[in-house]
Amino acid sequence: MSFSDLGLSDELLKAISDAGYTDPTPIQAQAIPQVLMGRDILGCAQTGTGKTASFTLPMIEILASGRAKARMPRSLILEPTRELAAQVADNFEIYGKYHKLNHALLIGGENMSEQIKRLEKGVDVLIATPGRLMDVFDRGHLLLRDVKVLVIDEADRMLDMGFIPDVEKIVSKLPQMRTTLLFSATMPPEIKRLADRFLMNPKEITVSKPATAAETIKQFLVMVTGAGRDQTSIAKRKREILRKLIEREQPKNAIIFCNRKRDVDVVYRSLERHGYSTAARLHGDMVQSVRMETLSKFKSGDVTLLVCSDVAARGLDIPAMSHVFNFDVPTHADDYVHRIGRTGRAGREGVAISIAVPSDGKYVDAIEKLMGRPIERDEMSSAAGSGSDTDADAPVKEERGGDRGRGRGRGRDRGRGKSEAKPAAAESEAKTEAKTEPASEAAAAPAESAAPAPEPAKADNNKPAEKPTAKPERARRGRQDLRNDAGTMDDKDVVFGQSDQVPAFLKNF
Ligand code: AMP
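Residues numbered from 1 in each chain as written. Predicted model: local features only at pLDDT ≥ 70, side-chain atom pairs only at ≥ 80, totals over all residues. Heavy atoms only, no water.

Along the backbone of the protein there are 19 helices and 16 strands. Taking all 509 residues of the protein together, 56% fall into the buried category. Sequence-distant contacts in the protein: of pairs separated by 6 or more residues, those separated by 24 or more amount to 79%. Accessible surface for the protein amounts to roughly 20600 Å². Of this, 51% is attributable to carbon and sulfur atoms. (Helix = DSSP H or I, 4+ residues; strand = E, 2+ residues; numbered from the N terminus. Buried < 20%, exposed > 50% of the residue type's maximum accessible area, 1.4 Å probe, protein only. Contact = heavy atoms within 4.5 Å. Areas by Shrake-Rupley, 256 points an atom, 1.4 Å probe, with all protein chains shown as cover.)

What follows covers the packing of aromatic side chains. Per the stated rule, a full pass over the model turns up two aromatic pairs. Pairing Phe55 with Phe183 gives two aromatic rings, centres 5.4 Å apart and planes at 40°, and the pair type is tilted. In this pair, Phe55 sits in helix 3 (residues 51-63) while Phe183 sits in strand 6 (residues 179-184), placing the two residues 128 residues apart along the sequence. With a relative accessible area of 1%, Phe183 lands in the buried category. (Phe/Tyr/Trp six-rings, centres within 6.5 Å; stacked < 30°, edge-to-face > 60°.)

All right, on to the environment of Ile191 then. If you trace the backbone, Ile191 turns up in helix 9 (residues 189-198). Overall, Ile191 belongs to the buried group, its relative accessible area being 0%. Sequence-distant contacts of Ile191, defined by excluding residues within four places in its chain, comprise Ala155, Asp156, Leu159, Leu182 and Ser184.

We now examine helix 11 (residues 261-273). A rise of 1.5 Å per residue sets the reference length of helix 11, with its 13 residues, at 18 Å; its end C-alpha atoms lie 19 Å apart and thus fit the reference within 8%. With twelve of 13 residues buried, helix 11 is to be regarded as a mostly interior element. Taken together, the buried positions of helix 11 are occupied by Lys261, Asp263, Val264, Asp265, Val266, Val267, Tyr268, Arg269, Ser270, Leu271, Glu272 and Arg273. Positive phi appears at Gly275, one or two residues downstream of helix 11, with a value of about 95°. (Expected span 1.5 Å × (residues − 1).)

Membership of the largest hydrophobic core comes to 35 residues, with the highest contact counts inside it found for Leu76, Leu78, Leu126, Leu133, Leu142, Leu144 and Ile152. Counting residues in each nonpolar core, the second largest holds 31 residues, with Ile41, Ala53, Leu57 and Ala89 among its members. (Core = buried A, V, L, I, M, F, W, Y, C linked by side-chain atoms within 4.5 Å.)

Even without glycine at this site, Glu154 takes up a positive phi of about 50°. Relative to the assigned elements, Glu154 resides in the loop between strand 5 (149-152) and helix 7 (155-160). Its identity as a non-glycine residue notwithstanding, Asn201 has a phi of 40°, on the positive side. With respect to the element layout, Asn201 can be found in the loop between helix 9 and strand 7 (203-206).

This next bit is on the sheet that holds strand 13 (residues 350-356). The strand order across the open sheet formed by seven strands is 10-11-9-12-13-8-14, and the pairing between neighbours is parallel. Each edge of the open sheet carries a strand with a single partner, namely strand 10 (279-282) and strand 14 (376-377). The sheet contacts of helix 11 involve strand 9 (254-257), strand 10 and strand 11 (305-308), and relative to strand 10 the element is tilted by about 170°. Against the sheet, helix 14 (residues 333-340) makes contact with strand 8 (217-223), strand 9, strand 12 (323-326) and strand 13, and its axis sits at roughly 150° relative to strand 12, the strand it touches most. (Pairing = 2+ DSSP bridges. Axes fitted to C-alpha atoms, helices over the stretch in contact; angles between N-to-C directions.)

On the basis of which strands lie adjacent, the open sheet formed by seven strands has the order 3-4-2-5-6-1-7 and parallel pairing. For this open sheet the edge positions go to strand 3 (103-106) and strand 7, each flanked by a neighbour on one side alone. Going across the sheet, the axis of each strand differs from the next one's by a mean of 15°, ignoring polarity. In this sheet, strand 6 lies alongside strand 5 in parallel orientation, the contact comprising four bridges. Of the residues in strand 6, the one forming a bridge with Val149 is Thr179. Most of the contacts of helix 5 (residues 112-121) go to strand 3, to which it runs at about 145°, and overall it touches strand 3 and strand 4 (125-128). Helix 9 contacts strand 1 (41-44), strand 5, strand 6 and strand 7 of the sheet and is inclined by roughly 175° relative to strand 6.

Quick look at the packing of helix 5 against helix 6 (residues 130-138) now. In helix packing, the relevant descriptors are the interaxial angle and the interaxial distance, both defined with respect to the helix axes. At a minimum axis separation of 12 Å, helix 5 and helix 6 run at an interaxial angle of 70°. Here helix 5 is positioned roughly perpendicular relative to helix 6, judged by the angle of their axes. Here the hand of the crossing between helix 5 and helix 6 comes out right-handed. Judged by residue contacts, Met112, Gln115, Ile116 and Leu119 of helix 5 engage Arg132, Asp135 and Val136 from helix 6. (Parallel < 35°, antiparallel > 145°, perpendicular 65-115°, else oblique. Left-handed = near helix turned anticlockwise from the far one by under 90°.)

Before going further, it helps to examine the environment of Leu6. With respect to the helices and strands, Leu6 occurs in the segment before helix 1 (10-18). Judged by relative accessible area, Leu6 falls into the buried class, the value being 3%. The contact partners of Leu6, leaving out residues within four places of it in the chain, are Met1, Pro24, Gln28, Ala29, Ile32, Pro33 and Leu36.

This next bit is on the pairing of strand 11. Each regular strand shows side chains that alternate between the opposite faces of the sheet. Judged by which residues are buried, strand 11 turns out to be covered on both faces: Leu305 and Val307 on one side and Leu306 and Cys308 on the other are all buried. Note that strand 9 and strand 11 share four bridges and pair parallel. Paired with Phe257 across the strands is Cys308, a residue of strand 11. The pairing of strand 10 with strand 11 spans four bridges and is classified as parallel. Bridge pairing in strand 11 places Ala279 opposite Leu305. At this point the chain moves from strand 10, through helix 12 (residues 288-300), to the parallel strand 11, and the crossover so formed is right-handed. (Right-handed = clockwise from strand over helix to strand, strands pointing away.)

Once that is clear, we can look at the pattern of salt bridges. In this structure the tally under the stated criterion is 24 salt bridges. With its nearest N and O atoms 2.8 Å apart, the salt bridge here joins Lys97 to Asp18. Of this pair, Lys97 sits in the loop between helix 4 (82-95) and strand 3 while Asp18 sits in helix 1, and the two are 79 residues apart along the sequence. Looking at Lys97, the relative accessible area reads 44%, which means it is partly exposed. By relative accessible area, Asp18 is classed as partly exposed at 39%. A salt bridge links Asp335 to Arg157, with the shortest nitrogen-to-oxygen separation between them at 2.5 Å. In this pair, Asp335 is assigned in helix 14 and Arg157 in helix 7, connecting sequence segments 178 residues apart. Residue classification places Asp335 among the buried residues on the basis of a relative accessible area of 8%. Classification of Arg157 by relative accessible area gives buried; the value is 5%. (Salt bridge = Lys/Arg side-chain N within 4 Å of Asp/Glu carboxyl O.)

Below, the structure is given as structure tokens:
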């Protein structure tokens, strides 16, 4: 099937061809004709399947004729995060280039009065996060009774982030006569119930099994062994392993996921101190302008290693991303699928490597159960007492930095208490970030993120900053090669193969 079979206009076909797409993806082939006929859609599709175009293309077609009135958008797209909303707006720029439709973003962290001014002029497509939308609605600057098409994107993530009550309020303000499209990577019962209420006789489209990772993603799990029970040693070992993985894999660009915001900072600072000058960080507390700037640097290639929390990374669309590293195994199996879905997009190959400690066993079990298959164990594991870590890797006390010359013991002890929490704490903080992000949309950013980022401390070991990818002599090496040639990997730090202490959850495989 080609795009020209889907019922789209010549202007759209031209824009699609300008974007370089030759064939529709399965969700596009199935959804576009249905949406054009006014049918509701319940789409079970993960990111990377081309689902954004599956709703933006027919929306442009439907809205092509007609004009928006002041404060009365003609369509509404709800997104869980500001970044994702911004990306959907980018999609409208790309696909709508031969149309005169206008769109507006209603997202937190940006000037509300500017957004209201746009609404006053009349917008065809309103792309919003639920918190800001309700805020503007409650202030009387928005009327929703002219909305003909509603998209609820990433519904499972909305659920995780506590947005569903807002979504329900918003939907109650919309006219009954409308087309509703609901997309979700997974279909938990709560979302199914929501769909039953919001959608009328929807066409159900599932483009891959719920919560199934794209086949093009190669997944590996590195077990951290022999680091003892001390959380500080474990975290340090994980940072060593991460660096080794980066050296080994030579990613073109990678996202490094941490479960907690403060670990995003610790890992980012550690990389920076070890000379990875193209590393950056992204988490939910950072002010919107900094987040957007970081994201655009990542897209342009100025940043190649992006340390992220789940919420901050939600919906990042980096088409050619080569790697995802899970510095922490996510405590929710669904998050694993979302995370690794950042790579291997639109049929491209990607690599996802997770660093697991023995206490992650139950999370790994849940992930493998959800995906219906085991994750291949990477041959690299880490032994205790490597001694290769220098002050360059000392956990950062707090965001304020400036810890050059700080006593080794002092710095570490300061960082330890706060940054090395138990998995349960990690889980609760991950949730807290998700829950607080909507609230922070209108609120001022916390002092931590409002302050300018501290000057990066130079690597204490005087290692010159260099791009991880800029090492031509280190050709990308296969896992097998590395196992047979461990000398290139600082083998005093690394033991290949599992230690004698095989965690219980591994014994099954
Ligand atoms: P999405 O799942 O909407 O986040 O899309 C993932 C990526 O696939 C984006 O970078 C899109 O630009 C790209 N994409 C969408 N549709 C197509 C297509 N038909 N052919 C090639 N790439 C596409």
